[in-house]
Amino acid sequence: MEGNVKENNADYKAGDCLGLNGFPGKDGHDGAKGEKGEPGEGLRGLQGPPGKVGPPATPGTKGAVGPKGDPGVCPVCGAGKAGREESLQSELEQIKKWMFFFLGKKVGQKFFLSSNAKMSFDRVKALCAQFQASVATPKNAEENRAIRNAAHEGAFLGITDEKNEGQFVDMAGSALTYTNWNLGEPNNANAEEDCVILLSDGKWNDVSCSTSFEAVCEFSV
């Protein structure tokens, strides 16, 4: 019995040496904030999408009206109607000179210009009058050659016998001082050939005034 007591006492002492786990301690205080670290070396992220468009700005106030400019000066208005006509005539002369230089044929104080269009004799007269000219009428062989050179094909001349058959006159009604009729002309075929054309060889032929031939106008320079 004594032996059992000893064993029990030995067990008690051994267990008495192993203590129980204690309660957890309290949390400590946060430490001091550390210094900022160096920037990283990784790739920069992509740029985000643009933001929405803002509202339109309020219009500014209207500026003050500027001073009125000086009236323009007309170089010929003050001269009245006579001054304007003189200016227009001067411009017309310059235009005529330009056209004559590039397009026409000049002989003495006459200049011959072709329209390159075919029309009746009455329309040729109207066209030439529109430009203060008359139907080309040669007074000599030199002018006849100039008209032939200005024309491309057969062209009307300012010569007719509409008033008196067989008596050809110019546009002013004056008798002809120069002629260059083709062989057998004028023949008044069909009794209706009262106008005259210049052929490509420079000879003349009487034709009907209603037929269409090239218009050549005569200008005075």
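Fair warning: this is a prediction, and the values are worked out from it, not measured in the lab. (Residues numbered from 1 in each chain as written. Predicted model: local features only at pLDDT ≥ 70, side-chain atom pairs only at ≥ 80, totals over all residues. Heavy atoms only, no water.)

Draft legend 1. Summary view of helix α3 (residues 121-130). Where α3 is concerned, the buried positions are Phe 121, Val 124 and Cys 128. In a view along the axis of α3, the buried residues occupy a sector of 55 degrees, so they form one face of it. Pointing more than 90 degrees away from the buried face of α3 are the exposed residues Asp 122, Arg 123, Ala 129 and Gln 130. Elements that come into contact with the buried residues of α3 comprise β2 (110-119), β3 (134-135), β4 (155-160), β6 (195-198) and β8 (213-220). Taken from the residues just after α3, Gln 132 is the one with a positive phi, measuring 55 degrees. (Buried < 20%, exposed > 50% of the residue type's maximum accessible area, 1.4 Å probe, protein only. Helix = DSSP H or I, 4+ residues; strand = E, 2+ residues; numbered from the N terminus. Arc of directions from axis to C-beta. Contact = heavy atoms within 4.5 Å.)

Draft legend 2. Looking closely at the confidence of the model for the chain. Chain-level statistics for the chain give a pLDDT mean of 80 and a share of 73% at 70 or above. Across the chain, the element-wise mean pLDDT spans from 47 in helix α1 (residues 2-16) up to 98 in β4. Predicted confidence is poor over residues 1-10, with pLDDT under 50, and the contacts of this stretch with residues over four places away or in other chains come to zero contacts. (pLDDT = per-residue confidence, 0-100.)

Draft legend 3. Representation of the packing of aromatic side chains in the model. As enumerated under the stated definition, the model contains five aromatic pairs in all. Aromatic ring contacts, followed pair by pair, group Phe 168, Tyr 178, Trp 181 and Trp 204 into a single cluster. (Phe/Tyr/Trp six-rings, centres within 6.5 Å; stacked < 30°, edge-to-face > 60°.)

Draft legend 4. How the structure looks around the side chain of Glu 218. Position of Glu 218 relative to the elements: it lies in strand β8. There is a polar contact of 3.4 Å between the side chain of Glu 218 and the side chain of Lys 110. The residues touching Glu 218, leaving out its near neighbours within four places in the chain, are Lys 110, Phe 111, Phe 112, Ala 133, Ser 134, Val 135, Ala 136 and Thr 137. (Polar contact = N/O pair within 3.5 Å; in protein donor to acceptor, adjacent residues only side chain to side chain.)

Draft legend 5. Representation of the pattern of salt bridges within the structure. Under the criterion given, the structure shown has five salt bridges. Its salt-bridge partner being Glu 143, residue Lys 110 comes within 3.1 Å of it at the nearest N-O pair. Here Glu 143 lies in helix α4 (residues 141-150) and Lys 110 lies in strand β2, a separation of 33 residues in the sequence. Using a relative accessible area of 15% as the deciding quantity, one classes Lys 110 as buried. A relative accessible area of 8% places Glu 143 in the buried class. For Lys 118, the salt bridge is made with Glu 153, and the minimal N-O distance between the two is 2.7 Å. One end of the pair, Lys 118, is in strand β2; the other, Glu 153, is in the loop between α4 and β4, with 35 residues separating them in the sequence. A relative accessible area of 44% places Glu 153 in the partly exposed class. (Salt bridge = Lys/Arg side-chain N within 4 Å of Asp/Glu carboxyl O.)

Draft legend 6. Region of the structure containing the side chain of Ser 208. Of note, Ser 208 is situated in the loop between β7 (204-207) and β8. One polar contact links Ser 208 to Ser 210, side chain to side chain, over a distance of 2.9 Å.

Draft legend 7. Structural view of α4. All of the buried residues in α4 are Glu 143, Asn 144, Ala 146, Ile 147 and Ala 150. In a view along the axis of α4, the buried residues occupy a sector of 160 degrees, so they form one face of it. Its buried side turned inward, α4 meets β1 (105-107), β2, β4, β6, β7 and β8. Between a side-chain oxygen at the N-terminus of α4 and the backbone nitrogen of Glu 142 the separation is 3.2 Å; the capping residue is Asn 140.

Draft legend 8. Representation of the pairing of β7 in the model. Covered by surrounding structure in β7 are Trp 204 and Asp 206 together with Asn 205 and Val 207, the residues of both alternating faces. Sheet topology places β6 next to β7; four bridges connect them, and they run antiparallel. The residue of β7 that forms the bridge with Val 196 is Asp 206. Hairpin connection between β6 and β7: a loop of five residues separates the two successive antiparallel strands, and Gly 202 in this loop has a positive phi of roughly 95 degrees. (Pairing = 2+ DSSP bridges.)

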